[in-house]
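# Examination of the molecular architecture
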Amino acid sequence: MIDAGVIPALGELLEMDRKAIRQEVCLALSNITAGNSEQVQAFFDATPPVFPKVLEIVRTSTTDVRTEALWVVVNGLDSCSWESILYLVDTLQVLCVLCELLSIDNAAILSVALQCVHLLLKRAADKDQVARFIAVLTDLNAIGAIENLHSHWSSEVRQVTSSLLEAFF
């Protein structure tokens, strides 16, 4: 299916007005980004690029669609190339998008957004680039926001926050 061009076609559907369609497309894309490294890289290499559309949904959509879009992000971060990580951080400013979510009082969104930040820092650690990514988080005033989530009402958010803080701060 990927070789048949399904990723760009799904990317076009992300622009539909119907929320249910965008949500189902994000679910399909999250399944692709949860696949093997070749499938994940095909997602990142798709022309026209789909990831910017996913990030726009993360930024602006309703909670249920936003959550599905976040799963596209978190699934892709684990096995995409380092070059894709740099593209996300430097060009698409994914850390900025994720940090915008830290003030939302929705446990599902917070948990997945924190998982994304954790994965980005983990991938940066593999390349001795943690300080660079933490500098971005510092510039975004995100460190305090992350620390504040340590006392969040959701045990899942507290757990993900603790794991993140213990590993990198």
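Residues numbered from 1 in each chain as written. Predicted model: local features only at pLDDT ≥ 70, side-chain atom pairs only at ≥ 80, totals over all residues. Heavy atoms only, no water.

Here we come to the packing of aromatic side chains. The full count for this structure, using the stated rule, is four aromatic pairs. Arranged with centres 5.8 Å apart and planes meeting at 65°, the rings of F43 and F51 form a pair that is edge-to-face. Here the aromatic rings of W82 and F133 are separated by 5.9 Å at their centres, their planes lie at 15°, and the arrangement is stacked. Of this pair, W82 sits in helix 6 (residues 82-91) while F133 is found in helix 9 (residues 130-139), placing the two residues 51 residues apart along the sequence. For the pair W82 and F133, one class covers both residues: buried. Here a set of aromatic residues connected by ring pairs shows up, and it is made of F43, F44 and F51. (Phe/Tyr/Trp six-rings, centres within 6.5 Å; stacked < 30°, edge-to-face > 60°. Helix = DSSP H or I, 4+ residues; strand = E, 2+ residues; numbered from the N terminus. Buried < 20%, exposed > 50% of the residue type's maximum accessible area, 1.4 Å probe, protein only.)

Our next topic: unusual backbone geometry. With an omega of 0°, the peptide bond running from T47 to P48 counts as cis. Relative to the assigned elements, P48 resides in the loop between helix 3 (37-45) and helix 4 (51-60). Despite not being glycine, Q93 has its phi angle at roughly 55°, a positive value. With respect to the secondary-structure elements, Q93 resides in the loop between helix 6 and helix 7 (94-100). The class for Q93 is partly exposed, based on a relative accessible area of 44%.

A few words on the nonpolar core. Among the nonpolar cores identified, the biggest contains 62 residues, and L29, F43, V54, V73, L120, L121 and F133 are the most heavily contacted of them. If you tally residues by element for this core, the top one is helix 8 (residues 107-126), at 12 residues. Setting aside residues no more than four positions away along its own chain, F43 makes contact with I7, L29, I32, T33, V50, F51, V54 and V72. (Core = buried A, V, L, I, M, F, W, Y, C linked by side-chain atoms within 4.5 Å. Contact = heavy atoms within 4.5 Å.)

Let's shift gears to the packing of helix 8 against helix 11 (residues 155-168). As a packed pair, helix 8 and helix 11 sit with axes 9 Å apart at the nearest point and diverge in direction by 15°. As judged from the angle between their axes, helix 8 and helix 11 are roughly parallel. The crossing of helix 8 and helix 11 is left-handed. Facing A107, L110, S111, L114, Q115, V117, H118, L121, K122 and A125 of helix 8, the residues of helix 11 in contact are E156, V157, V160, T161, S163, L164, A167 and F168. (Axes fitted to C-alpha atoms, helices over the stretch in contact; angles between N-to-C directions. Parallel < 35°, antiparallel > 145°, perpendicular 65-115°, else oblique. Left-handed = near helix turned anticlockwise from the far one by under 90°.)

Locating G35 in the fold gives a position in the loop between helix 2 (19-33) and helix 3. For the pair G35 and K122, spaced 87 residues apart in the sequence, the C-alpha separation amounts to 19 Å. Sequence-distant contacts of G35, that is, excluding residues within four places in its chain, are made with V40 and S79.

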